[in-house]
Amino acid sequence: MTTPAVSSRDLPHPAREEIRLESVMHALSDPMRLRIVRELAADGDELSCSHFDLPVTKSTTTHHFRVLREAGVIRQIYRGTAKMNGLRRDDLDDLFPGLFDCLLAAADRQAVRLGSD
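As the structure is a prediction and not an experimental result, all values here were calculated from the model. (Residues numbered from 1 in each chain as written. Predicted model: local features only at pLDDT ≥ 70, side-chain atom pairs only at ≥ 80, totals over all residues. Heavy atoms only, no water.)

J.: I keep staring at the environment of Val-67 and nothing clicks. Help me out?
T.: Residue position: Val-67 is located in helix H3 (residues 58-71). Of the residues examined, Val-67 reaches a relative accessible area of 13% and is grouped as buried. When the C-alpha atoms of Val-67 and Ala-27 are compared, they prove to be 6.1 Å apart, with 40 residues separating the residues in sequence. When neighbours within four sequence positions are excluded, Val-67 is seen to be in contact with His-26, Ala-27 and Arg-33. (Helix = DSSP H or I, 4+ residues; strand = E, 2+ residues; numbered from the N terminus. Buried < 20%, exposed > 50% of the residue type's maximum accessible area, 1.4 Å probe, protein only. Contact = heavy atoms within 4.5 Å.)

Set out below in structure tokens:
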């Protein structure tokens, strides 16, 4: 069960104990969502939605962020009018030790191999 939104500006996120491996893997199986996660990991800080220049429509971008948030991969919060995104790295590392580092390293190797980095 996801945490209920407190106000229209609070977004629901799963509690740590509710994050499921299959949801995380599904969220990371899409190239655009993996791209978002790689950018967040490389930056190491929160980034606004407008920071990402994805080759998809705004509504599709919103969908990708929602999938990542609902899977427990990212946390989204409003800071003023900007929706900020950050990885839930501590939660993911505690639940699935080593998995996130392995996935990011594999994604980096793939990007180099395919020349898409």
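Having seen the structure, we can now continue with the description.
J.: Just to check I follow, could you spell out the pattern of salt bridges for this structure?
T.: Counted according to the given criterion, the structure contains 10 salt bridges. In this structure, Arg-16 engages Asp-94 in a salt bridge whose closest nitrogen and oxygen atoms are separated by 2.5 Å. Note that Arg-16 is positioned in the segment before helix H1 (21-28) and Asp-94 in helix H4 (residues 89-95), a separation of 78 residues in sequence. For Asp-101, the salt bridge is made with Arg-89, and the minimal N-O distance between the two is 2.0 Å. Of this pair, Asp-101 sits in helix H5 (residues 99-114) while Arg-89 sits in helix H4, and the two are 12 residues apart along the sequence. Overall, the relative accessible area of 24% leaves Arg-89 in the partly exposed class. In this structure, a network of salt bridges that share partners links the residues Arg-16, Arg-88, Asp-91 and Asp-94. (Salt bridge = Lys/Arg side-chain N within 4 Å of Asp/Glu carboxyl O.)

J.: Can you walk me through the packing of aromatic side chains in this structure?
T.: The geometry of an aromatic ring pair is captured by two quantities: the separation of the ring centres and the angle between the planes. Counted by the stated rule, this structure contains 1 aromatic pair. Taking the centre distance of 5.4 Å and the plane angle of 65° together, the rings of Phe-52 and Phe-65 count as edge-to-face. Of the two residues, Phe-52 is situated in the loop between strand E1 (47-48) and H3 and Phe-65 in helix H3; the sequence distance between them amounts to 13 residues. A single burial state applies to Phe-52 and to Phe-65, both of which are buried. (Phe/Tyr/Trp six-rings, centres within 6.5 Å; stacked < 30°, edge-to-face > 60°.)

J.: Can you help me understand the sheet that holds strand E2 (residues 74-79) in this one?
T.: Strands pair in a sheet through their backbones, by hydrogen bonds, and they do so in one of two ways: parallel or antiparallel. Pairing within the open sheet is antiparallel, and its 3 strands lie in the order E1-E3-E2. Every interior strand has two partners, whereas the edge strands, E1 and E2, have only one. As defined by bridge partners, E2 adjoins strand E3 (residues 82-87) across 6 bridges and the pair is classed as antiparallel. Opposite Ile-74, over in E3, you have Leu-87 as the bridge partner. Strands E1, E2 and E3 of the sheet are contacted by helix H2 (residues 31-43), whose axis makes an angle of about 80° with E3. (Pairing = 2+ DSSP bridges. Axes fitted to C-alpha atoms, helices over the stretch in contact; angles between N-to-C directions.)

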